[in-house]
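# Structure at a glance
Given next are the chains, with one letter for each unit.
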Amino acid sequence: MSASSASQPEGATDPHPLSRTLLMMILEDRLSDRFVCELIWRRLGYELQEDRTWRAGLTTPAAWAEAFPQAPELIAERPASVRLTRSIPAEHKQLLKAQLGFAGYRISELVPRRTRRATAVSWLLADQAARGEVLPEQGPLPEPLVPPESPLQGHPGDPAVH
C-alpha cells in the first residue's frame, strides 16, 4: 500500500494546497486535528457527504475503503494512525527531516496526538513526492489557531485521542 492517493478530479482545485508553511503549522499545532484529517481524506479519495460525514469514494484505495468506509479520525484513533504510518513508502520516510528540517519533538512533547500529527505531515509529504510534485514554500493558509494549552487535549472540537 503506498501513500499515493487519488488525484483531484479533473479541473478541481485543492482548497488547501500543501506548502512548507502549512505543514509547519500542523507540526506547531496551529491547525485543528479535523483540518489535518480533511487534508488527508481528500487525498485518499474520501468525499464529503450532504450529512457532513466523509465516506470512501470511487477513487479511495480499496484497502482504505474496506477498513474505513467512513473516513477515520487519523489522529484520534490508533488503528487509523498505524495504517497511515505503514502506508508511507520507505523511500519517503525521511521527508520530514529532509524537506522541513523537522528533527522531532522534545521528549516532554512526545504524546500520541503530536506524534500522529507528525505522521500525518510525513504522509502528506510522501503523497506529494509520489505524485512528483514540489513542495512550495508558501501558499494559501487557513486562519492559524493558538496552540492548545494541553497537547493531550487538542483544539476545541478535536476528538479525544485513543
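Residues numbered from 1 in each chain as written. Predicted model: local features only at pLDDT ≥ 70, side-chain atom pairs only at ≥ 80, totals over all residues. Heavy atoms only, no water.

## A short note on the overall build of the protein
Counting secondary structure elements, the protein contains six helices and two strands. Ordered by position in the sequence, the α and β elements of the protein form the string α-α-β-β-α-α-α-α. Relative to the compact-globule value of 15 Å for 162 residues, the protein shows a C-alpha radius of gyration of 15 Å, a close match. Structurally, the protein occupies a C-alpha span of about 40 × 35 × 30 Å along its principal axes. Across the 162 residues of the protein, 46% fall into the buried class. Partitioning the intrachain contacts of the protein with sequence separation of at least 6 by distance along the chain shows that 69% fall at a separation of at least 24. When the accessible surface of the protein is summed, it comes to about 8600 Å², and 52% of that surface belongs to carbon and sulfur atoms. (Helix = DSSP H or I, 4+ residues; strand = E, 2+ residues; numbered from the N terminus. Rg over C-alpha atoms; globule rule 2.2 N^0.38 Å. Buried < 20%, exposed > 50% of the residue type's maximum accessible area, 1.4 Å probe, protein only. Contact = heavy atoms within 4.5 Å. Areas by Shrake-Rupley, 256 points an atom, 1.4 Å probe, with all protein chains shown as cover.)

## Examining the side chain of Ser 81
Locating Ser 81 in the fold gives a position in helix H4 (residues 78-86). Excluding its chain neighbours within four sequence positions, the residues that come into contact with Ser 81 are Leu 74, Arg 116 and Thr 119.

## Regarding the nonpolar core
Among the nonpolar cores identified, the biggest contains 38 residues, and Leu 23, Leu 27 and Leu 100 are the most heavily contacted of them. Listing elements by their share of this core, those giving two or more residues are helix H1 (20-27), helix H2 (33-43), H4, helix H5 (95-100) and helix H6 (112-130). Tallying contributions element by element places H6 first for this core, with seven residues. Apart from the residues lying within four places of it in its own chain, the contact partners of Leu 23 are Leu 18, Leu 100, Val 121, Leu 124, Leu 125 and Leu 135. (Core = buried A, V, L, I, M, F, W, Y, C linked by side-chain atoms within 4.5 Å.)

## What to know about unusual backbone geometry
Outside of glycine, negative phi angles account for most residues, and trans bonds account for most peptide bonds. The phi dihedral of Asp 29 falls on the positive side, at around 60°, and the residue is not glycine. With respect to the helices and strands, the residue Asp 29 is situated in the loop between H1 and H2. A relative accessible area of 0% places Asp 29 in the buried class.

## Details of the pattern of salt bridges
Side chains that differ in sign of charge can pair as their charged atoms come close. This model, assessed by the stated rule, comprises eleven salt bridges. With a shortest N-O distance of 2.4 Å, Asp 33 and Arg 117 are connected by a salt bridge. Taken together, the residues Asp 33 in helix H2 and Arg 117 in helix H6 connect sequence positions 84 residues apart. The residue Arg 106 makes a salt bridge to Glu 109 at a minimum N-O spacing of 3.2 Å. A relative accessible area of 57% places Arg 106 in the exposed class. A cluster of three or more residues bridged by salt bridges with shared partners is formed by Asp 29, Asp 33, Arg 113, Arg 114, Arg 117 and Asp 158. (Salt bridge = Lys/Arg side-chain N within 4 Å of Asp/Glu carboxyl O.)

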